[in-house]
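Commentary on secondary and tertiary structure
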Amino acid sequence: MQLDEVIAHFHQAVNAFAKGDPEPAKDIFSHSMDVSLANPWGPPVVGWERVSEALDSAAARFQEGRVTAIETLTKHVTSNLACFLDLEHWQAKVGGGDQISVFDLRVTSLYRPEGDAWALVHRHADPITTPQTPDAVLRK
């Protein structure tokens, strides 16, 4: 599967994720020992078993959601690695809430060829999409 096809599938998968279903996204992630995930819900994890568990936990926090747009700010693609910096625009019920929340995520994704397809080997997503004060990044 070509990289563009995998990216298109992942864009569909995040919509399922926003509804609470992690399985389509899990199909696109590498299942290797060096796969990694850093999401807004917890510390970074490495290895397929831990990434799979983190994806399950994160998806369980969403209901009735969708990703309304994905803006690719930049991408760097070689024959061995592809890196994307995106802004994802989400809306979903979060954490058991009754109201749809609207939020944006800053996302860095790395893909590499594995077998006959590209696999997602790293995803880092966080809600920092505006300038931050020094206090926002210091431990309290």
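From a predicted model like this one, the values you see are computed outputs, not experimental measurements.

**Some thoughts on the sheet that holds strand S3 (residues 62-77)**
One open sheet accounts for six strands, arranged S2-S1-S6-S5-S4-S3; its pairing is mixed. The outermost strands of the open sheet, each flanked by one partner alone, are strand S2 (45-46) and S3. Here nine bridges tie strand S5 (residues 100-114) to strand S6 (residues 117-126), and the two strands are oriented antiparallel to one another. Looking at S6, one finds that Thr-108 is bridged to His-124. Contacts between helix H1 (residues 3-17) and the sheet are confined to S3, strand S4 (82-94), S5 and S6, with S3 contributing the most and set at about 155° to the helix.

**Quick notes on the nonpolar core**
Of all hydrophobic cores here, the largest spans 33 residues; its most connected members are Phe-10, Phe-17, Phe-29, Val-51, Trp-90 and Tyr-111. It is H1 that provides the largest number of residues to this core, a total of seven residues. In this view, Val-51 contacts Phe-29, Val-35, Ser-36, Leu-37 and Val-45; residues no more than four positions away in its chain are not counted.

**Topic: the pattern of salt bridges**
One pass over the structure, following the stated rule, counts seven salt bridges. Between Lys-26 and Asp-56 there is a salt bridge, and its shortest N-O distance comes to 2.8 Å. Of this pair, Lys-26 sits in helix H2 (residues 23-28) while Asp-56 sits in helix H3 (residues 48-59); the two residues are 30 residues apart in sequence, bridging distant segments of the chain. For the salt bridge of Arg-112 with Asp-34, the shortest nitrogen-to-oxygen distance reads 2.8 Å. Of this pair, Arg-112 sits in strand S5 while Asp-34 sits in the loop between H2 and strand S1 (36-38); the two residues are 78 residues apart in sequence, bridging distant segments of the chain. Arg-112 gets classed as partly exposed once you look at its relative accessible area, which sits at 22%. Salt bridges sharing common partners tie together Glu-23, Lys-26 and Asp-56.

**So, the environment of Val-35**
Within the element layout of this structure, Val-35 appears in the loop between H2 and S1. A residue is classified by how much of its surface remains accessible, and Val-35, at 0% relative accessible area, is buried. The spatial distance from the C-alpha of Val-35 to the C-alpha of Trp-48 is 6.1 Å, given a sequence separation of 13 residues. Setting aside anything within four residues of it in sequence, one finds Val-35 in contact with Phe-29, Ser-30, Val-45, Val-46, Gly-47, Trp-48, Val-51, Leu-120 and Val-121.

**A closer look at the environment of Asp-98**
Secondary-structure assignment places Asp-98 in the loop between S4 and S5. Judged by relative accessible area, Asp-98 falls into the exposed class, the value being 65%. Asp-98 sits 35 residues away from Gln-63 along the chain, and the two C-alpha atoms are 9.3 Å apart.

What counts, and where the lines are drawn
- Residues numbered from 1 in each chain as written.
- Predicted model: local features only at pLDDT ≥ 70, side-chain atom pairs only at ≥ 80, totals over all residues.
- Heavy atoms only, no water.
- Pairing = 2+ DSSP bridges.
- Helix = DSSP H or I, 4+ residues; strand = E, 2+ residues; numbered from the N terminus.
- Contact = heavy atoms within 4.5 Å.
- Axes fitted to C-alpha atoms, helices over the stretch in contact; angles between N-to-C directions.
- Core = buried A, V, L, I, M, F, W, Y, C linked by side-chain atoms within 4.5 Å.
- Buried < 20%, exposed > 50% of the residue type's maximum accessible area, 1.4 Å probe, protein only.
- Salt bridge = Lys/Arg side-chain N within 4 Å of Asp/Glu carboxyl O.

Function-wise, these values are silent; they only describe arrangement.
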